[in-house]
Amino acid sequence: CKVVRLMFKAYKFRLYPNNKQLELINKTFGSGRYVYNYYLDKMKNNGYVPAYTNIKDYTSTLKYDAVFLQEIDSIVIRKSLFNLDDAYKKLFNKTGGYPKFKSKYNKNSYNTTAVYNNYKNKEYCNIELDLTNRQIKLPKLNWVKIKGYRNINNINGKIKSATISREPNGKYYVSVLYEMYDKIPVINHRTIVGIDLGIKKLLTLSEGTTYDNNKYIDKYEKRIKRKQRELSRKEKGSKNYYKCKKKLAILHSKLANARKFYTHKITKNITDEYDIITCEKLKTKEMIIKGKDNKLSSKINDATFSEIVRQLQYKTKYKGKYFYQINTYYPSSQICSRCDNQDKRYKDLTRREYKCTKCGVKLDRDLNASINIMFEGLKLHMKNYAKI
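Everything quoted here is computed from the prediction, not taken from an experiment. (Residues numbered from 1 in each chain as written. Predicted model: local features only at pLDDT ≥ 70, side-chain atom pairs only at ≥ 80, totals over all residues. Heavy atoms only, no water.)

Chemist: Any details on the pairing of strand β9 (residues 172–185)? Residues and values, ideally.
Modeler: Moving residue by residue along a regular strand, the side chains alternate between the two faces of the sheet. Taken together, the eight bridges between strand β8 (residues 158–166) and β9 define a ladder with antiparallel strand orientation. Note that in β9 the partner of Thr-163 across the bridge is Ser-175. Taking the residues between adjacent antiparallel strands as the criterion, β8 and β9 are bridged by five residues, where Gly-170 takes a positive phi near 90 degrees. (Pairing = 2+ DSSP bridges. Helix = DSSP H or I, 4+ residues; strand = E, 2+ residues; numbered from the N terminus.)

Chemist: Break down the nonpolar core for me, citing the residues and quoting the values.
Modeler: In this structure, Ile-136 and Val-174 are the most contacted members of the largest nonpolar core, which totals 45 residues. If you list the elements that add at least two residues to this core, you get β1 (2–16), α1 (19–46), α2 (51–65), α3 (74–92), β6 (135–138), β7 (142–147), β8 and β9. The element contributing the most residues to this core is α1, with eight residues. In contact with Ile-136, not counting residues within four places along its chain, are Leu-15, Ile-127, Glu-128, Leu-129, Asn-142, Trp-143, Val-144, Ile-146, Val-174 and Val-176. Residues Leu-197, Tyr-211, Ile-308 and Leu-312 belong to the second largest nonpolar core, which totals 28 residues. (Core = buried A, V, L, I, M, F, W, Y, C linked by side-chain atoms within 4.5 Å. Buried < 20%, exposed > 50% of the residue type's maximum accessible area, 1.4 Å probe, protein only. Contact = heavy atoms within 4.5 Å.)

Chemist: Outline the pattern of salt bridges, supporting the account with residue identities and numerical values.
Modeler: In total, this model carries 14 salt bridges according to the counting rule given. The partner of Lys-225 in a salt bridge is Glu-221, with the nearest N and O atoms 3.8 Å apart. Taken together, the residues Lys-225 and Glu-221, both in helix α4 (residues 216–232) and four residues apart, mark about one turn of the helix. Since its relative accessible area comes to 44%, Lys-225 is described here as partly exposed. Look at Glu-221 and you get partly exposed, because its relative accessible area is 31%. A salt bridge links Asp-275 to Lys-321; the shortest N-O distance between them is 3.8 Å. Of this pair, Asp-275 sits in the loop between α5 (239–273) and β13 (276–280) while Lys-321 sits in the loop between α8 (305–318) and β14 (322–326); the two residues are 46 residues apart in sequence, bridging distant segments of the chain. Residue Asp-275 is classed as buried on the basis of its relative accessible area of 10%. (Salt bridge = Lys/Arg side-chain N within 4 Å of Asp/Glu carboxyl O.)

Chemist: For the packing of α4 against α5, give the residues involved together with the corresponding values.
Modeler: Where α4 contacts α5, the two axes come as close as 9 Å, and the packing angle between them is 170 degrees. Classified by the angle their axes make, α4 and α5 are roughly antiparallel. Between α4 and α5, the contacting residues are Tyr-216, Ile-217, Tyr-220, Arg-223, Ile-224, Lys-227, Gln-228, Glu-230 and Leu-231 on the first element and Tyr-241, Cys-244, Lys-245, Lys-247, Leu-248, Leu-251, His-252, Lys-254, Leu-255, Ala-258, Arg-259 and Tyr-262 on the second. Class assignment for the residues of the contact of α4 with α5 results in 12 nonpolar, two polar and seven charged. (Axes fitted to C-alpha atoms, helices over the stretch in contact; angles between N-to-C directions. Parallel < 35°, antiparallel > 145°, perpendicular 65-115°, else oblique. Nonpolar A, V, L, I, M, F, W, Y, C, P; charged D, E, K, R; others polar.)

Chemist: Talk me through a positive patch on the surface; I want residue IDs and the actual numbers.
Modeler: Side chains of Lys-171, Lys-219, Lys-222, Arg-223, Arg-226, Arg-229, Arg-233 and Lys-254 sit close together on the surface and give a patch of like positive charge. Here the element with the most residues in the positive patch is α4; it accounts for five residues. Looking at the secondary structure, you find Arg-233 in the loop between α4 and α5. Judged by its relative accessible area of 63%, Arg-233 is exposed. (Patch = residues over 30% accessible without salt bridge, like charges linked within 9 Å, V, L, I, M, F, W, Y side chains within 5 Å. Areas by Shrake-Rupley, 256 points an atom, 1.4 Å probe, with all protein chains shown as cover. Lys, Arg positive; Asp, Glu negative; His and termini not counted. Charge placed at Lys NZ, Arg CZ, Asp CG, Glu CD.)

Chemist: So what's going on with the sheet that holds strand β10 (residues 192–197)? Residues and values would help.
Modeler: One open sheet accounts for five strands, arranged β12-β11-β10-β13-β14; its pairing is mixed. For this open sheet the edge positions go to β12 (210–212) and β14, each flanked by a neighbour on one side alone. The sheet shows a mean angle of 20 degrees between the axes of neighbouring strands, direction not considered. The sheet contact formed by β13 and β14 spans five bridges and is parallel.

As structure tokens, this is what we get:
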């Protein structure tokens, strides 16, 4: 039995534009940034103006003053002005700081919306994805070669938008957002697991399986530091400076991709095997700040706890399973998983084996914690099940 649910899903592909397309993509990045900065400067001097007023000013004045803006997709300009409006709304709602000017040296991207038209009883869209020939049609760019999702020949859904981006390493990507009705399986939830997140062992499962922390930062740290020193000796703004900066960006990209691959591999295995998944709710930012004193912050960053949790959340939802997070302050490492006796000595992270003073049980500290997390998750699931 399956439940049909409306959902939005993005598919990211590597872009391989030709020289002419490459030039237009870079022009679009610059034009969107120019319009954003132009109206931000104007509002800094004259006060806030709604997005629609700025769009009217653009179509009547700026569009003709800066002729190069007419070469690019008009939707990109509108999106840029709405992004500026959103930045001001965050400022007014006290959820963000004052908007900053965009720099060409930061991440470059632009977003365009899918527009549908009917002609002779046939529907046409300005964005089309052809996975048979591995190409995508984008506004102003026409057909561009792509790579990615080799196991998919067709995507059943309606295209809503596309985001084209250039990474610091010089690679181009397109992310296509689909609106689709997907069938989510309804399953009998029979298996449960508790997960303890850590630095020595990245994940410890309540049934005894452990996943090592590969510490990718250690593999790339020396190379990154060497390249950073090399960059500091270059003259800022010179050709050699940007060549070195690109090489550094490639190293950071390799590090990020290695982490991403390992994280996806772990979360796929867990969500395939277990129906109810429980882990602790960690305050990663606080842990990083506290870890600066004893050099734990880089290790916590490298472990990517928040990314593991994020992937477990959406993958369990997509597969029709359950994911729970227990209270941050639940003392899972201090409580005996057999007799519930609490021993505060195990606040000390150097104690790697749990020895209960009441029942005498001896087991690995992280395994003991994961079993306690599993039982707490089971309680949360029973409460949720009772409501249903």
